[in-house]
Amino acid sequence: MSFEVIKPGPLSLLQDRGRHGVQHLGIGPSGAADRHAFAWACHLLGNSQLAAALEITLGSVRLIARATTSFALTGADLDARIDGTPLAPWCCHHIHAGQTLEFALPRSGLRAYLAVPGGFHAPAVYGSRATSVREMLGGLHGDGQPLKAGDVLAFDGAQVAPRCTPSRFIPDYRQELNLRLLPGYQFAAFCDDDIRQLLAKPFKVSTHSDRMGYRLEGCAIGTELPGIVSEGIAYGAVQVPPSGQPIVLLADRQTIGGYPKLGCVATQDASMLAQRMPGATLRFTLANGPELARERQQFEAFFAAKSGI
């Protein structure tokens with residue numbers, strides 16, 4: 001079974017849970033930018049969370065099915081259609097051989113996830129099929145390149161019964177986002193006025209944002225702080241460069257960095273951030289550590305039990 005790529009869009013990448021355990025080699029984890037949407041795409045089909053799905057950024061993608069199969073769509077609403085017939089997001093669908101699956105520009109969100117039974121075939125590089133363009137690793141051909149016209153996305157797996165994600169788990173990407181910040185040990189280096197500004201003022205997503213990190217625009221904080229000795233970077237870390245404009249580091253983040261960090265935002269909130277377009281508004285609040293730990297444990301336990309990992 002396969003899909004042939006007729007129009008690849010600006011950035012369509014095979015992604016999975018990421019390439020973990022190799023940051024000491026200078027290799028970042030990559031993986032799905034929106035872990036929530038990716039996990040649900042796998043779950044709707046009964047796939048392992050290790051299965052590769054297609055992350056479609058900004059739409060403008062056209063695929064032709066070369067066999068009758070099922071697939072799942074989650075994440076951004078990119079006005080997906082089969083031969084012109086609209087498809088509901090966050091659901092499983094059937095497509096017949098010869099039909100065209102097409103994605104237009106975003107109506108809500110930024111990144112959609114297309115999963116197929118068993119996951120797309122691709123060579124594992126350092127234990128993962130995740131595409132890292134910057135590091136030239138993973139993806140369909142193992143070289144870190146986005147999809148291009150003429151690529152064939154092969155997979156195995158039987159059709160599945162139609163299912164949809166319960167509405168309570170479907171985010172509204174148009175809402176103002178609240179980033180729950182778990183302070184790190186450099187948090188105390190920021191003065192009281194900086195912290196008051198951080199928690200009181202809104203920020204906007206900069207146009208200079210990508211899978212590596214989201215740059216924010218708002219009140220400048222920590223402009224007088226010196227750099228630090230480079231150290232490891234965690235998912236969701238909020239680092240503050242000399243400009244004072246925070247950067248939230250995401251899936252394609254660098255492995256080490258020398259800017260002071262406020263801490264990390266909740267994993268779930270980082271996923272929601274990856275769906276925001278430039279200009280979107282967000283705010284920071286201080287997080288409750290045990291509450292975030294319970295939330296993360298529940299998320300991982302649910303999808304481990306339901307999806308084979």
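Basis of the calculations
Each residue is numbered by its place in its chain's sequence as written, counting from 1. For a predicted model such as this one, the threshold for reporting local features is a pLDDT of at least 70, and the threshold for listing and counting side-chain atom pairs is 80 or more; totals across whole chains, interfaces and linings nevertheless cover every residue. The basis for every side-chain value is the complete set of non-hydrogen atoms in the structure, without hydrogens or water. The secondary structure listing takes helices from DSSP runs of H or I that are at least 4 residues long and strands from runs of E that are at least 2 residues long, numbered from the N terminus. Type-normalised accessible area, obtained with a 1.4 Å probe on protein chains alone, sets the label of each residue: buried when under 20%, exposed when over 50%, and partly exposed for intermediate values. Note on pairing: two strands pair once DSSP finds at least 2 bridges between them. Using a 1 Å grid laid over the protein atoms alone, points where a 1.4 Å probe fits but cannot get out form a cavity; open sets with protein on both sides within 12 Å along at least 5 of 7 lines form a pocket; any residue with an atom within 4 Å of a point counts as lining. Grid points are joined across faces, edges and corners, and a volume is the space filled by probe spheres set on the points. Only Asp, Glu, Lys and Arg are considered charged in this grouping, and only Ala, Val, Leu, Ile, Met, Phe, Trp, Tyr, Cys and Pro are considered nonpolar; every other residue, Gly among them, is considered polar.

### Considerations on unusual backbone geometry
Here is step 1: We note that Asp-83 has phi near 50°; this positive angle belongs to a residue other than glycine.
Here is step 2: Tracing the chain through its elements places Asp-83 in the loop between strand E6 (81-82) and strand E7 (85-86).
Here is step 3: You can call Asp-83 partly exposed: its relative accessible area is 47%.

### What about the pairing of strand E10 (residues 108-115)?
Here is step 1: Taken across its 8 residues, E10 has 8 buried, putting it largely inside the fold.
Here is step 2: As defined by bridge partners, strand E5 (residues 69-77) adjoins E10 across 5 bridges and the pair is classed as antiparallel. Bridge assignment links Ala-72 to a residue of E10, and that residue is Ala-115.

### Brief notes about the layout of surface pockets
Here is step 1: Taken as a whole, the largest pocket spans an internal volume of roughly 530 Å³.
Here is step 2: Lining of the largest pocket is provided by 25 residues; of these, Thr-267, Gln-268, Glu-295, Arg-296 and Phe-299 occupy positions nearest its centre.
Here is step 3: Elements with a contribution of two residues or more to the lining of the largest pocket: helix H1 (35-45), strand E19 (261-265), helix H3 (267-273) and helix H4 (289-307).
Here is step 4: Take the lining of the largest pocket: its biggest share by element is 9 residues, from H4.
Here is step 5: Considered class by class, the residues forming the lining of the largest pocket number 15 nonpolar, 5 polar and 5 charged.
Here is step 6: Here the second largest pocket is characterised by a volume of approximately 310 Å³.
Here is step 7: Lining of the second largest pocket is provided by 20 residues; of these, Leu-11, Arg-111, Ser-209, Asp-210 and Arg-211 occupy positions nearest its centre.
Here is step 8: Taken together, the residues of the lining of the second largest pocket sort by class into 10 nonpolar, 4 polar and 6 charged.

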